[in-house]
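Here is how the chains run, residue by residue.
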Amino acid sequence: MTRETICADKAPAAVGPYVHAVKAGDTVYTSGQLGLIPETGELPEGVEAQAKQALENLKAVLEAAGMTMANVVKTTVFLADINDFAAINEIYAQYFTGETPARSCVQAGALPKGGLFEIEAIAVK
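Owing to the predicted nature of the structure, the values given are computational and were not obtained by experimental measurement. (Residues numbered from 1 in each chain as written. Predicted model: local features only at pLDDT ≥ 70, side-chain atom pairs only at ≥ 80, totals over all residues. Heavy atoms only, no water.)

1. A word on the packing of helix H1 (residues 47-64) against helix H2 (residues 85-95)
One way to put it is that H1 packs onto H2 with a least axis distance of 10 Å and a crossing angle of 30 degrees. Classified by the angle between their axes, H1 and H2 sit roughly parallel to one another. The crossing of H1 and H2 is right-handed. In contact with Val47, Glu48, Ala51, Lys52, Leu55, Glu56 and Lys59 of H1, H2 contributes Ala87, Ile88, Ile91, Tyr92 and Tyr95. Of the residues that constitute the contact of H1 with H2, the class distribution is eight nonpolar, no polar and four charged. (Axes fitted to C-alpha atoms, helices over the stretch in contact; angles between N-to-C directions. Helix = DSSP H or I, 4+ residues; strand = E, 2+ residues; numbered from the N terminus. Parallel < 35°, antiparallel > 145°, perpendicular 65-115°, else oblique. Left-handed = near helix turned anticlockwise from the far one by under 90°. Contact = heavy atoms within 4.5 Å. Nonpolar A, V, L, I, M, F, W, Y, C, P; charged D, E, K, R; others polar.)

2. Regarding the side chain of Ser31
Within the element layout of this structure, Ser31 appears in the loop between strand S3 (27-30) and strand S4 (33-34). In this structure Ser31 comes out as buried when scored by relative accessible area, which is 17%. Within the structure, Ser31 has its side chain in polar contact with the backbone oxygen of Val19 (distance 2.5 Å). In this structure Ser31 touches Tyr18, Val19, His20, Ala21, Ile119 and Glu120, once residues within four positions along its chain are discounted. (Buried < 20%, exposed > 50% of the residue type's maximum accessible area, 1.4 Å probe, protein only. Polar contact = N/O pair within 3.5 Å; in protein donor to acceptor, adjacent residues only side chain to side chain.)

3. A look at empty space enclosed by the protein
The full count for this structure, using the stated rule, is one cavity of 30 Å³ or more. For the largest cavity, the calculated volume is near 100 Å³. What lines the largest cavity is Pro12, Ala13, Ala14, Val15, Tyr18, His20, Gly32, Gln33, Leu34, Leu36, Pro112 and Glu118. The residue inventory of the lining of the largest cavity, partitioned by class, reads eight nonpolar, three polar and one charged. (1 Å grid on protein atoms, 1.4 Å probe; cavity = no way out; pocket = protein on both sides within 12 Å on 5 of 7 lines; lining within 4 Å. Points joined across faces, edges and corners; volume = space filled by probe spheres on them.)

Structure follows, in structure tokens:
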């Protein structure tokens, strides 16, 4: 099995000692993506804006690995407040159309940098 580290130029830098993703064979495992704006490293205001940016960041990581959102088979969503579940579902549905991936969604005690939304994914070619 081959193992490749994925670093996406169009995604924000990692906020810790990890990489954007690891490609193992035909599978890509992404690290969690916050809604950080790549150019500034700052979070936009509100869960909807952070969700959109995090999903754009995830797209950038997948593209760097030679994949698209259509390759995603599983996501895990972390929310600062589970009451935002309905609001993020609307945004999430704009990014995953057709055959949607399996998903878990949990309320986290706290997210890095005070984030309100984070997403990680597993994608298969």
